[in-house]
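Survey of secondary and tertiary structure
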Amino acid sequence: MILILGTLILSLIVASVAAWGALALWYQTRRSTRTHQHRSMWTVLAALWGVFSLACVGAFWRGHLEAGVILFVLAYGLLLVWWRSLRPSNHRDWTGDVAQTVGGKIDGNVVTLDKVRDFLWRSNDDYTPRWITQSYDLARLRSLDMIVSSWALPSIAHMLISFGFGENEYVVFSVEIRRQKDQVFSEIGGFFKEFELVVIAAQERDIVRLRTNVRREETYLFRMSFEPAVMRALFLAYVAEANALVREPRFYHTITRNCTTVLYRMLKRIVRRLPFSYRVLLSGYMPEYFYGIGYLDQRHPLEELRAFGYVSERGRIADQSPTYSADIRRGIPPL
């Protein structure tokens, strides 16, 4: 009985590890932009790994426990060597919206950002690309807003951070996947090195309008009550993160390296006593997280702030207005 139970537990462990390996190989099939034959190779390897793992489990139950374990451990070791050999790159055939990555230069209070995105979007695939160089005087930094955009489950959203330097002078930072031209976003793929990470800096009329007018997502804007020194430090942290990715690319990870966890780590270095919460991992609940620790307007209940900050309709009405940023903030109480 003890032997049967031990074999069952070992089989479950091997099955779990085998499933991880098969998914890792399969998502490299999706990642590849090479020939059809190259993609087929990864598919075959994933299938062979699955068959081999099943054969090892079968060996356990046929009385060849030691041989099955040794073979599986050796094969898994080779898989791990391959996994660790995968390297992110800045040089792939990217989609147009992430074809460039922002970089910044700091001269006293003035930060000059190169490759700020300022696209005119007509649809997800039809746009006029425009990358600009823009300078921002941190002495004029007045506001920091969180923009949350969801498209399916309320617990899953994308988060943008917008820095305001005047009524219509804003720059938005967005931590995103860097997708190749034939790739489709997958939350599961984000666990398996399918995508690189990118920091995008963009005009609000580009990146917010894309979500409200083109993708028709549910989009909310929340004013954040940080001290000026914290806002300045966070702006510089985004610039440092972007510059680091230019020098050394990294993979996106669905949980540990995404739009919210990257922000959390940056803020943690600035605001030392920043509590962790499951809401940091479930990006759609970031408004609840920041409200709970006092960084959203405490004069109103969160649901009122959500109603004030619903910018989807205002964004669709403002569309390409030169006062787009002011237009989408109408009705949101100032701090």
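Residues numbered from 1 in each chain as written. Predicted model: local features only at pLDDT ≥ 70, side-chain atom pairs only at ≥ 80, totals over all residues. Heavy atoms only, no water.

**Some thoughts on the pairing of strand β8 (residues 170–178)**
Definition in use: Type-normalised accessible area, obtained with a 1.4 Å probe on protein chains alone, sets the label of each residue: buried when under 20%, exposed when over 50%, and partly exposed for intermediate values. For the purposes of this entry, the term helix denotes a DSSP run of H or I that reaches at least four residues, the term strand denotes a run of E that reaches at least two, and both are numbered from the N terminus. The pairing criterion for strands is at least two bridges between them, as found by DSSP.
The element β8 is largely enclosed, with a buried count of nine among its nine residues. Looking at chain direction, strand β7 (residues 158–164) and β8 are connected through four bridges and run antiparallel. Residue pairing for β8: S162 is matched across the bridge by V172. Taking the residues that link successive antiparallel strands as the turn, the β7-β8 hairpin has five residues, and the phi of G166 there is positive, at about 160 degrees. Note: β8 against strand β9 (residues 196–202), seven bridges, orientation antiparallel. Bridging across to β9, I177 finds its partner in L197.

**Concerning empty space enclosed by the protein**
Applied cut-off: The pocket and cavity definitions rest on a 1 Å grid over protein atoms only: a 1.4 Å probe that fits but cannot leave marks a cavity, an open set with protein on both sides within 12 Å along at least five of seven lines marks a pocket, and residues lining either have an atom within 4 Å of a point. Grid points are joined across faces, edges and corners, and a volume is the space filled by probe spheres set on the points.
Tallied over the full model, the rule gives one cavity of 30 Å³ or more. Quantified by volume, the largest cavity comes out at close to 80 Å³. The wall of the largest cavity is formed by L221, F222, R223, D297, L305, F308, G309, I332, P333 and L335. Broken down by secondary-structure element, the contributors of at least two residues to the lining of the largest cavity are β10 (218–223) and α8 (302–308). Examining the composition of the lining of the largest cavity, we find that three residues originate from one element, β10, more than from any other.

**Side note on the pattern of salt bridges**
Using the following cut-off: Salt bridges, as used here, are contacts in which a Lys or Arg side-chain nitrogen is within 4 Å of a carboxyl oxygen on Asp or Glu.
Summed over all chains, the structure comprises 16 salt bridges. Of the charged contacts in the structure, one is a salt bridge between R329 and D145, with a shortest N-O distance of 2.9 Å. Here D145 lies in strand β6 (residues 143–150) and R329 lies in the segment after α10 (324–328), a separation of 184 residues in the sequence. Across this residue pair, the class does not change: R329 and D145 are buried. One salt bridge connects D297 with R299, and the closest N-O pair in it is separated by 2.7 Å. One connected set of salt bridges, linked through shared partners, spans D145, E204 and R329.

**Digging into a nonpolar patch on the surface**
Using the following cut-off: What makes a patch is a set of residues exposed beyond 30% relative accessible area and free of salt bridges, joined within 9 Å when like-charged and within 5 Å when nonpolar (Val, Leu, Ile, Met, Phe, Trp, Tyr). Accessible areas in this description were obtained via Shrake-Rupley with a 1.4 Å probe; residue shielding takes into account the shown protein chains only.
A cluster of nonpolar side chains, contributed by I4, L5, L8, I9, L12, I13 and W61, occupies part of the molecular surface with about 690 Å² of accessible area. Looking at the element boundaries, L5 is found in helix α1 (residues 2–31). Residue L5 is classed as partly exposed on the basis of its relative accessible area, which comes to 49%.

**Thoughts on the side chain of S149**
Which entries qualify depends on this criterion: Polar contact criterion, stated in full: a pair of N or O atoms within 3.5 Å, where within protein one must be able to donate a hydrogen and the other to accept it, and residues adjacent in sequence count only if both atoms are side-chain atoms. Note on contacts: a residue pair qualifies if any of its non-hydrogen atoms lie within 4.5 Å across the two residues.
Of note, S149 is situated in strand β6. For S149, a relative accessible area of 0% gives the class buried. At a separation of 3.3 Å, a polar atom in the side chain of S149 contacts the side chain of T219. Filtering out sequence-adjacent residues up to four positions away, S149 remains in contact with A157, H158, R211, E217, E218 and T219.

**Considering the pairing of β10**
Burial runs high along β10: five of the six residues are buried. Bridge count between β6 and β10: six bridges; the pairing is antiparallel. Looking across to β10, one finds that S149 is bridged to T219.

**Let's talk about the side chain of R306**
With respect to the secondary-structure elements, R306 resides in helix α8. Within the structure, R306 has its side chain in polar contact with the side chain of E303 (distance 3.3 Å). Once you skip the residues sitting within four places of it in the chain, R306 turns out to touch Y220, F222, P287 and E288.

**Quick notes on helix α6 (residues 259–270)**
Inclusion rule: Here the expected span of a helix is defined as 1.5 Å times the quantity of residues minus one.
For α6, built from 12 residues, the straight-helix expectation of 16 Å at 1.5 Å per residue is met to within 8% by its first-to-last C-alpha distance of 17 Å. Inspection of α6 places C259, T260, T261, V262, L263, Y264, M266 and L267 among the buried residues, and these make up the whole buried set. The inward-facing, buried residues of α6 contact β7, β8, α5 (228–247) and α7 (286–292).

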